[in-house]
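# Residue-level structure breakdown
Single-letter residue listing:
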Amino acid sequence: MTTSSNPTSPQLQNNPLLAFGRGIALYSEVKPEHIAPAIEYLLKHAQDAVNKATDPHTTSNWDELVEPLEDATEALGRSWGVISHLNSVADTPELRAAYGAMLPEVTAFFSGLGQNLALYQKFKELNTSSEFEKLNHDQKKVITNSLRDFRLGGAELSDQEKPRFAQIQDEQAILGKTFSDHVLDATDGFVHLVTNSEDLAGLPEDAIAAAADTAKQKNLQGWAFTLHFPSYYPVMQYSENRDLRRLMYQAYVTRSSELAPQYADGKLDWDNTHNMLDQLCLRDEEAKMLGFSNYAALSLAPKMANKVDEVDLFLTNFAIKAKPFAQKDWQELCDFANAKLGLTDGLQPWDTAYAAERLKQARYSFSENELKQYFPLPKVLDGLFQLIQTLFGVKIEAANLPTWHADVQSFAVKDLTGEIRAYFYLDPYARPGKRGGAWMDDARGRRELPNGEIQVPIAYLVCNFAPPIKVDGILRQPTITHDDVITLFHESGHGLHHLLTQVGALGVSGINGVEWDAVELPSQFMENFCWEWEVLEKMTAHVVTEKPLPRELFEKMLAAKNFQNGLATLRQIVMSLTDWRLHSSFDATQSSGQAVLDVSRKIAAEYSIISQPEISRWINSFSHIFAGGYAAGYYSYKWAEVLSADAYAAFEEAAELSGSILDTKTGIRYREEILEVGGSRPAAESFKAFRGREPSIDALLRHGGLS
Ligand SMILES: [Zn+2]
């Protein structure tokens, strides 16, 4: 690679962040002191490439403009990716400091690219010259995507408008940060201390232990409950003490609102009421400056859904279909609470999770712990790999790449001819210094190099499963829960999207350039297999007896799967609709006070089966849309679920004929039409090419027990 061919200073020689070039990174050799010199060097090189690209003498074609720029920014992005990956999975104070020191510069470089008007001109020149016709399909898509992103970044605005546009971005960033700080402070700022052990009735042991721990940390006597979800939710779910549930519920749903209990002394101000209106005004202004009628329309520009009305109709139709099932769920819950729980004065908002948990236990009780014994990780992995091999006509083999921890495994994905298509790392277990949650990230994208060689993609699959434990001095096979299995399949779906691509232009290969209301299609698609007897039978072996999962236990799991799904679905739709209408049909500039809350109330009244509790200010802590990048995008969860369920239905239809859900013919078609094309064509076209028709909601309703 060009960037590492001539570093001569001692800090750059033998710097593992430069030495790996296009190849495989040597993670364990990266030391915090390597970071600044390597990134400074790569930043300088990337900036040189930008300067060269925008030079008036540079011809606007692929080879002189796009390729060298991609080369330099990819080198920077890849080395930076190694560092941020290590920061996530092998954090140390020194690494964090070195990472944090370079973060602003790297962020500024990449956001500067999108604002670079000279570069925009060069891309426009390429787009309108005869050079454009010489590009292949994927390269053209890269150029049109770039032009779109420049425009959405304000590149077409007049010089008079630009300062205001920049100001809007800054103000939005600050308001978003303030919103989430308020939610965090309000969450941290509430503690409820229980001093009488009788008040803990019903709570599971681990929740009680955690509460005792929290109390100790705060130098309190007793059990301290907070509004952090792992502390809050077990109370709602299990506590037999109705007053405790009510108290916690009221604190939770009034966070960051004028009703929050912490404001009693009048000193604190974590209220997000005005923040929401301010953000909505700014978004509206931004959209109008860019020529859109509202922010929802702007948000759709790079997404799969086309029109504001289309999304509204999607959500309202969905609500109408889910409503009778939610009604039924609600009635069951009320009847049960009345007859069995003694809640004869009606089900209150602080009773619903509790009543649902009790009803679930009454109906489908099985031990999660017993179930877990059937899922040793090696057996599950073997099952997952077998499934991928059968469906998609590839082979997965151990690869022995250098890694960052002894627990990390690496694999090669090969064609049936033995040719390597991709690599991936699997980092399965939780450990100190590793960020929580599960994710797939790209370590390297597929790319056709100027010399015609193919750079094969590499992915990270990161999970946080419980590490193996020793029993009587012997290390037991690690077992994971069924939820963990679903997580693993989900991330592997993202991984396959990234790894099996056949696109050569980096900007649209794999998950790059995929509309983000469609990006969860391949991941959610894979989750479906975790509910197939045919798959589970082969993927399970009891950790002691080695027997597969009993059919009877499987049937119980399946029966519990859609428990109360009508209510859960309707809740998601009401949240999505609230987000959507706030950004499409609500005029924040003409509103004041509790107008945002009123919108959410109105939608709940119209589409939900229970009206929004008078006290609830849930919208004041709806961070997804006010602090998390899901503004006018919350619908995407349901949108992608429709796509993934409908894609999966193609396998169910094939199984009706062949008798097996693992239908290779359908699998290869899915690989070719969805996975391989990545972002090189619109997701709607890819879906249609695979399914032979537009997406239908029917499969999702059927899978969710809503039909
Ligand atoms: Zn995902």
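Residues numbered from 1 in each chain as written. Predicted model: local features only at pLDDT ≥ 70, side-chain atom pairs only at ≥ 80, totals over all residues. Heavy atoms only, no water.

### Side note on the overall build of the protein
Test applied: Strands here are runs of E lasting at least two residues and helices are runs of H or I lasting at least four, both read from the DSSP assignment and numbered beginning at the N terminus. Here the radius of gyration uses the C-alpha set of atoms, whereas the globule reference equals 2.2 Å times the residue count to the power 0.38. Exposure is judged per residue with a 1.4 Å probe applied to protein chains only, and the accessible area is read against the type maximum: over 50% gives exposed, under 20% gives buried, and values in between give partly exposed. In what follows, a contact means two residues having at least one pair of non-hydrogen atoms within 4.5 Å.
Counting its secondary structure elements, the protein contains 27 helices and eleven strands. Relative to a compact globule of 707 residues, whose C-alpha radius of gyration would be 27 Å, the protein shows 27 Å and is just as compact. Its C-alpha atoms put the protein at 80 × 65 × 55 Å along the principal axes. Looking at the protein as a whole, 54% of its 707 residues are labelled buried. Pairs at least 24 residues apart make up 72% of the contacts formed inside the protein by residues separated by at least 6 positions.

### Section: the sheet that holds strand S4 (residues 409-414)
Here is the rule we go by: Only strands that DSSP links by at least two bridges are regarded as paired with each other. With axes taken as lines fitted to C-alpha atoms, and helix axes fitted only over the stretch in contact, angles between N-to-C directions fall between 0 and 180 degrees.
Spatially, five strands are ordered S3-S4-S5-S9-S6 in an open sheet, and the strand pairing comes out mixed. A strand with exactly one partner marks an edge of an open sheet, and here the two such strands are strand S3 (395-398) and strand S6 (439-444). Within the sheet, the average angular offset between the axes of one strand and its neighbour, ignoring direction, is 25°. In terms of strand pairing, strand S5 (residues 420-429) meets strand S9 (residues 458-465) through six bridges, oriented parallel. When the sheet's bridge partners are listed, Tyr423 is paired in S9 with Ile458.

### Some words on the confidence of the model for the protein
Where we set the bar: Confidence scores labelled pLDDT are given residue by residue by the predictor and lie between 0 and 100.
Mean pLDDT over the protein stands at 94; residues scoring 70 or higher make up 98%. Note on residues 1-5: pLDDT under 50 across the span, and eleven contacts to partners over four residues away in sequence or across chains.

### Quick look at the pairing of S4
In terms of burial, S4 is a largely internal element, five of the six residues being buried. As paired elements, S3 and S4 share four bridges and run antiparallel to each other. The partner of Glu397 across the bridge, within S4, is Ala412. Summarising the sheet, S4 and S5 pair through six bridges and their orientation is antiparallel. Along S5, the bridge assignment pairs Lys414 with Ile420.

### Some details on the domain arrangement of the protein
Heads up, the rule is: Source of the domain bounds: an automatic or database domain assignment.
Here the domain parsing of the protein yields domain 1 (2-135), domain 2 (189-265) and domain 3 (371-525). For domain 2 versus domain 3, the distance between C-alpha centres works out to 38 Å.

### Quick word on the coordination of the zinc ion
Put simply, the rule is: Distances define the donors: N, O and S atoms within 2.8 Å of the metal qualify, as do those within 3.2 Å of Na, K or Ca. Water is excluded, so some sites may look unfinished.
Note on the zinc ion: its protein donors are His490 (NE2), His494 (NE2), Glu520 (OE) and Glu520 (OE). The metal-donor distances range over 2.1 to 2.7 Å. Considered as a linear motif, the donors of the zinc ion on their single chain read H-x3-H-x25-E. Of the two residues, His490 and His494 are both situated in helix H17 (residues 482-499); the distance of four residues between them amounts to about one turn of the helix.

### Digging into helix H6 (residues 137-152)
This is how it is decided: In this analysis, the expected span of each helix is defined as 1.5 Å times one less than the number of residues it contains. Polar contacts here mean pairs of N or O atoms no more than 3.5 Å apart (in protein, one a potential hydrogen donor and the other a potential acceptor; neighbouring residues in sequence count only if both atoms are side-chain atoms).
Taking 1.5 Å as the rise per residue, H6 with 16 residues should run 22 Å; its terminal C-alpha atoms sit 23 Å apart, in good agreement. Buried within H6 are the following residues: Asp138, Gln139, Lys141, Val142, Ile143, Asn145, Ser146, Leu147, Phe150 and Leu152. On its buried face, H6 sits against helix H3 (62-89), helix H4 (93-115), helix H5 (117-128), helix H7 (162-188) and helix H12 (295-300). Put simply, Asn136 is the residue that caps the front of H6, since its side-chain oxygen is 3.1 Å from the backbone nitrogen of Asp138.

### Here we look at the side chain of Ser239
Assignment of secondary structure puts Ser239 in the loop between helix H9 (229-238) and helix H10 (242-253). Filtering out sequence-adjacent residues up to four positions away, Ser239 remains in contact with Ala201, Leu203, Pro234, Leu244, Arg245 and Tyr354.

### Some words on the nonpolar core
Note the following rule: Take the buried residues of types Ala, Val, Leu, Ile, Met, Phe, Trp, Tyr and Cys, join any two whose side-chain atoms come within 4.5 Å, and each joined set is a nonpolar core.
Grouped together as the largest cluster of nonpolar side chains are 140 residues, with contacts concentrated most on Phe392, Phe525, Phe529 and Tyr670. The biggest single contributor to this core is helix H13 (residues 308-340), with twelve residues. When sequence neighbours within four positions are dropped, the list of residues in contact with Tyr670 reads Phe392, Leu521, Pro522, Phe525, Ala647, Phe651, Leu675 and Phe690. Counting 62 residues, the second-largest nonpolar core is a separate cluster that includes Leu18, Ala53, Leu69 and Tyr99.

### Observations concerning the environment of Ala49
Here Ala49 shows up in helix H2 (residues 32-53). According to the relative accessible area criterion, Ala49 is buried, its value standing at 15%. When the C-alpha positions of Ala49 and Glu534 are compared, they lie 53 Å apart, and in sequence the two are 485 residues distant. Not counting chain neighbours up to four residues away, the residues in contact with Ala49 comprise Pro68, Leu69 and Ala72.

### What to know about the pattern of salt bridges
Applicable threshold: Should a side-chain nitrogen of Lys or Arg be within 4 Å of a carboxyl oxygen of Asp or Glu, the pair is scored as a salt bridge.
Under the defined criterion, the tally for this structure stands at 41 salt bridges. A salt bridge links Asp284 to Lys288; the shortest N-O distance between them is 2.9 Å. A residue pair is termed a helical-turn pair when its members lie 3 or 4 positions apart in one helix, as Asp284 and Lys288 do in helix H11 (residues 273-289) at four residues. Taking the relative accessible area as the measure of exposure, Asp284 reaches 14% and is therefore buried.

### So, the side chain of Arg444
Let me state the cut-off plainly: A positive count includes Lys and Arg, and a negative count includes Asp and Glu. His and the chain ends are not counted in either.
Note that Arg444 resides in strand S6. For the buried residue Arg444, which engages in no salt bridge, the nearest side chain bearing the opposite charge is Glu74, 6.3 Å off. Within the structure, Arg444 has its side chain in polar contact with the backbone oxygen of Arg22 (distance 2.4 Å). Polar side-chain contacts of Arg444 include one of 2.8 Å to the backbone oxygen of Val456. Sequence-distant contacts of Arg444, that is, excluding residues within four places in its chain, are made with Arg22, Gly23, Glu74, Arg78, Gln455, Val456, Pro457, Ile458 and His498.

### Here we look at the environment of Ile674
Mapped onto the secondary structure, Ile674 falls in helix H25 (residues 664-675). Relative accessible area serves as the criterion here: at 6%, Ile674 is assigned to the buried category. Separated by 27 residues in the primary sequence, Ile674 and Ala647 have C-alpha atoms spaced 9.6 Å apart. Among all residues touching Ile674, those that are not within four sequence positions of it are His497, Leu521, Arg669, Ser686, Phe687 and Phe690.

### Description of the packing of H3 against H4
Convention followed: Less than a right angle of anticlockwise turn of the near helix away from the far helix marks a crossing as left-handed, whereas a clockwise turn marks it as right-handed. Side-chain classes follow a simple rule in which Ala, Val, Leu, Ile, Met, Phe, Trp, Tyr, Cys and Pro form the nonpolar group, Asp, Glu, Lys and Arg form the charged group, and the remainder, Gly included, forms the polar group.
Look at H3 against H4: their axes get within 11 Å of each other, and the N-to-C directions meet at 145°. For H3 against H4, the interelement crossing comes out left-handed. Of H4, the residues touching H3 (which contributes Thr73, Leu76, Gly77, Trp80, Ile83, Ser84, Leu86 and Asn87) are Leu95, Arg96, Tyr99, Met102, Leu103, Val106, Phe109, Phe110 and Leu113. Partitioning the contact of H3 with H4 into residue classes produces twelve nonpolar, four polar and one charged.

### Some points on the environment of Lys638
In this fold, Lys638 is placed in helix H24 (residues 636-658). A relative accessible area of 7% means that Lys638 is categorised as buried. Leave out the neighbours within four places in its chain, and Lys638 touches Phe314, Phe318, Thr569, Gln572 and Leu700. Polar contacts involving the side chain of Lys638 include one to the side chain of Glu641, which spans 3.1 Å.

### Considering a nonpolar patch on the surface
What counts here: Patch membership requires more than 30% relative accessible area and the absence of a salt bridge. Residues of like charge join within 9 Å; the nonpolar side chains Val, Leu, Ile, Met, Phe, Trp and Tyr join within 5 Å. Surface accessibility in these figures is a Shrake-Rupley result with a 1.4 Å probe; residues are shielded only by whichever protein chains are displayed.
Among the surface-exposed residues, Val191, Leu193 and Leu220 lie close enough to one another that they form a single nonpolar patch of about 190 Å² accessible area. Relative to the helices and strands, Val191 is located in strand S1 (residues 191-194). Looking at Val191, the relative accessible area reads 33%, which means it is partly exposed.

### A look at helix H26 (residues 683-691)
Spelled out, the test is: This arc is taken over the directions from the axis of the helix to the C-beta atoms.
For H26, the set of buried residues is Ala683, Ser686, Phe687, Phe690 and Arg691. Along the axis of H26, the buried residues cluster in a sector spanning 115°; they form a single face. On its buried face, H26 sits against helix H18 (521-527), H24 and H25. Looking one or two places after H26, you find Gly692, whose phi comes out positive at around 80°.

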